[in-house]
Amino acid sequence: MTVVTMAPVPIMQFQRRRLREELDKRIAGAREQDTRLALLVINLQEFRQVNISFGHQVGDQVLEQVSARIAAALRIDDMVLHIGNDEFAVILSDLKGVQVAQLAAEKILAGIAENHAVAGQMLAVCGRLGAAVFPDHASSRDELMRAADSAVQFAADHHRDYAIYDASTRLQERDSADLRGSLREAMDNDDFMLYYQPQMNLQQGVLSGCEALSRWKHARRGWINPEVFIAAAERSGLIDELTYWSINVALRKWFEFERPGPDTSISINLSARLLHSPELVGMVERATNIWGARRDSVVLEVTESAMMSDPKVALHTLSALHEMGIRLSIDDFGTGYSSLAYLKKLPVSELKIDKSFVIQMAENRQDRKIVQSVIDLAHTLDMSVVAEGIENRQVLDMLVGMGCDYGQGYFIARPMSDAALSEWLETDELALLEHRAR
Ligand code: C2E
Ligand code: CA
Ligand code: CA
């Protein structure tokens, strides 16, 4: 077995070139002998977090262990190469069939997933893998590399640990390219809409604000799941435009026409990518000026994982927004990997408990405990706390009793168009909320 050494690898020494050379050599051999070979690309998920939390020395030791674990899963003629920061490639030679690549993938991922004991810590690392086979999926080295990369992307998009390149991957690829094209068109044609989901002050039983959520009705496919088109917009770079559009539309609606009371706020989702945009802060400033928005009524929601993936950048951008008077909220709290040290430093005024802990909390004691500890944590840090995903009265009552400040969910109201919101606000909204809070 050829295992290439894994001593801390400076950027320049990642073995991409070596990979291309090996593939050329082995593809030529496979052509000659009429055999198959597979290329597996493995990314370590959220590995940056290990470096941030434990330092590069620990990170490098984990990489060494990962490389050794991969090697242990391979046969004598196979090869593992470290091709990027948190990226490895494996070449399986003389493959009997495509299913063998699948077996190897499972074995490799199981090896990586076993805890890593490094510097007195037990660390969990998770790999994501994409595989493609020559000549079944590709007829040249570059095609094979592209196919393996697109299989990893497919796995990531579908929240899977691994994917083997196949016809459906290819279809999916075309599909998502298609979606990106239509996204551009939709943006140019103004086909996006904002829906608004009311939020309630749980302790007082009154409306506290709304969250703006993007909607897209595709001419042929109908309603597209926001998580799908937001992910496509993020990959294609259109997310900046989409976010600027939603900030402007939301502020215009809220402050020009519909604003339902002086103490209510409008929450808008901010994609992770925008935290890196030098234009964000100026853009938010202009938008609040144009639409006459009170800045302390504007809440920007950023997911926990976006904040924690690069806390220094997040701190910089969020501090600038905070100084302008904008309120900030950590979305999907509990699903990421928060460092309490950073949490304390971030100028954030609100935590949103992810709906996955709330939806079932009446039946699930574990969820209830998590929700209570997030409420306590938020209050300890002088933040308010919003529970999302309130789907029934029992959960609503529980949250009131647990001291949760705000809530949002289908039991209170579903996201709705601006016209529906106007009607909802005019009719019996307050009476309804009071009734629900009782
Ligand atoms: P999110 O920010 O966590 O938004 C909350 C999601 O939970 C919304 O899904 C909402 O419809 C749903 N929800 C609300 N109450 C309940 C409930 O009681 N039960 C259940 N099961 N679900 C509930 P939606 O609208 O599909 O949005 C999904 C995600 O897409 C959002 O998650 C957000 O991450 C993203 N998103 C939506 N609009 C935008 C946008 O304009 N910009 C960005 N960057 N992301 C957006
Ligand atoms: Ca949100
Ligand atoms: Ca959320």
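The structure displayed is predicted, hence computed values, not measured ones.

## Overview of the overall build of the protein
Now for step 1: What the protein contains, in helices and strands, is 17 helices and 17 strands.
Now for step 2: By the compact-globule yardstick of 22 Å for 438 residues, the protein fits well, its C-alpha radius of gyration being 25 Å.
Now for step 3: Dimensions of the protein along its principal axes, counting C-alpha atoms only, are 75 × 50 × 40 Å.
Now for step 4: For the protein, with 438 residues in total, the buried portion stands at 49%.
Now for step 5: In the protein, the proportion of contacts linking residues at least 24 apart, taken out of those at least 6 apart, comes to 69%.
Now for step 6: By element, 49% of the accessible surface of the protein is carried by carbon and sulfur atoms, the whole surface being about 20600 Å².
Now for step 7: Side-chain charges of the protein comprise 46 positive and 62 negative groups, with the mean position of each set lying 3 Å from the other.

## As for the coordination of the calcium ion (ligand 2)
Now for step 1: At 2.1 to 2.3 Å from the calcium ion (ligand 2) lie its protein donor atoms, namely Glu211 (OE), Asn269 (OD1), Glu301 (OE) and Asp331 (OD).
Now for step 2: Read from N- to C-terminus, the donor residues coordinating the calcium ion (ligand 2) fall into the pattern E-x57-N-x31-E-x29-D.

## Brief notes about the packing of aromatic side chains
Now for step 1: Counted according to the given criterion, the structure contains five aromatic pairs.
Now for step 2: Aromatic pair Phe192 and Trp216: ring centres 5.4 Å apart, planes at 50°, arrangement tilted. Residue Phe192 is found in strand E9 (residues 192–201), and its partner Trp216 is found in strand E10 (residues 206–218); the two are separated by 24 residues along the sequence. Each member of the pair, Phe192 as well as Trp216, carries the same accessibility label: buried.
Now for step 3: Between Tyr195 and Trp223 the ring centres are 6.2 Å apart and the planes differ by 65°, which places this aromatic pair in the edge-to-face class.

## Digging into empty space enclosed by the protein
Now for step 1: For the structure shown, the criterion picks out one cavity of 30 Å³ or more.
Now for step 2: Taken as a whole, the largest cavity holds about 30 Å³ of empty space.
Now for step 3: Every residue along the wall of the largest cavity is listed here: Arg16, Leu19, Leu39, Val41, Ile83, Met145 and Asp149.
Now for step 4: Its residues placed into classes, the lining of the largest cavity shows five nonpolar, no polar and two charged.

## As for the site of ligand 1
Now for step 1: Around ligand 1 there are 22 residues in total, and Ser214, Arg215, Asp331, Glu391 and Tyr410 lie nearest to it.
Now for step 2: Within the side chain of Gln197, one N or O atom sits 3.0 Å away from a nitrogen atom of ligand 1.
Now for step 3: Compared with its free state, where it exposes 800 Å², ligand 1 has 88% of that area covered by protein.
Now for step 4: Elements that contribute at least two residues to the shell around ligand 1 include exactly E10, helix H7 (226–236) and strand E14 (327–333).
Now for step 5: No other element matches E10, which puts four residues into the shell around ligand 1.
Now for step 6: Taken together, the residues of the shell around ligand 1 break down into seven nonpolar, seven polar and eight charged.

## Considerations on the coordination of the calcium ion (ligand 3)
Now for step 1: In this structure, Asp331 (OD), Asp332 (OD), Glu388 (OE) and Glu388 (OE) serve as the protein donors to the calcium ion (ligand 3), at separations of 2.2 to 2.8 Å.
Now for step 2: Read in sequence order, the donor residues for the calcium ion (ligand 3) give the motif D-D-x55-E.

## Details of the nonpolar core
Generally speaking, soluble globular proteins have nonpolar side chains that are buried together.
Now for step 1: Ile266 and Leu399 are the most contacted members of the largest nonpolar core, which has 80 residues in total.
Now for step 2: Examining the composition of this core, we find that nine residues originate from one element, helix H8 (residues 239–258), more than from any other.
Now for step 3: Formed by 33 residues, the second largest nonpolar core is a distinct cluster that contains Ala38, Leu92, Leu109 and Ile164.

## Describing the pairing of E9
Now for step 1: Burial of E9 is extensive: nine of the 10 residues sit out of reach of the surface.
Now for step 2: Judged from the 10 bridges that link them, E9 and E10 form a sheet pairing that is antiparallel. Paired with Tyr196 across the two strands is Ala212, which belongs to E10.
Now for step 3: Here E9 hands over to E10 after four residues, with Gly205 in that stretch at a positive phi of 65°.

## Let's talk about the side chain of Ser267
Now for step 1: In this fold, Ser267 is placed in strand E12 (residues 265–269).
Now for step 2: Once residues within four sequence positions are removed from consideration, Ser267 is found in contact with Gln199, Cys210, Glu211, Ala212, Val299 and Glu301.

## Re the pattern of salt bridges
Now for step 1: By the definition in use, this model includes 17 salt bridges.
Now for step 2: With a shortest N-O distance of 2.7 Å, Lys352 and Glu301 are connected by a salt bridge. Highlighted residues: Lys352 in strand E15 (residues 350–353) and Glu301 in strand E13 (residues 298–303), separated in sequence by 51 residues. The pair formed by Lys352 and Glu301 is uniform in burial state, with each residue classed as buried.

About the cut-offs
Residues numbered from 1 in each chain as written. Chains lettered and ligands numbered in written order. Predicted model: local features only at pLDDT ≥ 70, side-chain atom pairs only at ≥ 80, totals over all residues. Heavy atoms only, no water. Helix = DSSP H or I, 4+ residues; strand = E, 2+ residues; numbered from the N terminus. Rg over C-alpha atoms; globule rule 2.2 N^0.38 Å. Buried < 20%, exposed > 50% of the residue type's maximum accessible area, 1.4 Å probe, protein only. Contact = heavy atoms within 4.5 Å. Areas by Shrake-Rupley, 256 points an atom, 1.4 Å probe, with all protein chains shown as cover. Lys, Arg positive; Asp, Glu negative; His and termini not counted. Charge placed at Lys NZ, Arg CZ, Asp CG, Glu CD. Donors = N, O, S within 2.8 Å, 3.2 Å for Na, K, Ca; no water. Phe/Tyr/Trp six-rings, centres within 6.5 Å; stacked < 30°, edge-to-face > 60°. 1 Å grid on protein atoms, 1.4 Å probe; cavity = no way out; pocket = protein on both sides within 12 Å on 5 of 7 lines; lining within 4 Å. Points joined across faces, edges and corners; volume = space filled by probe spheres on them. Nonpolar A, V, L, I, M, F, W, Y, C, P; charged D, E, K, R; others polar. Near = heavy atom within 4 Å. Polar contact = N/O pair within 3.5 Å; in protein donor to acceptor, adjacent residues only side chain to side chain. Core = buried A, V, L, I, M, F, W, Y, C linked by side-chain atoms within 4.5 Å. Pairing = 2+ DSSP bridges. Salt bridge = Lys/Arg side-chain N within 4 Å of Asp/Glu carboxyl O.

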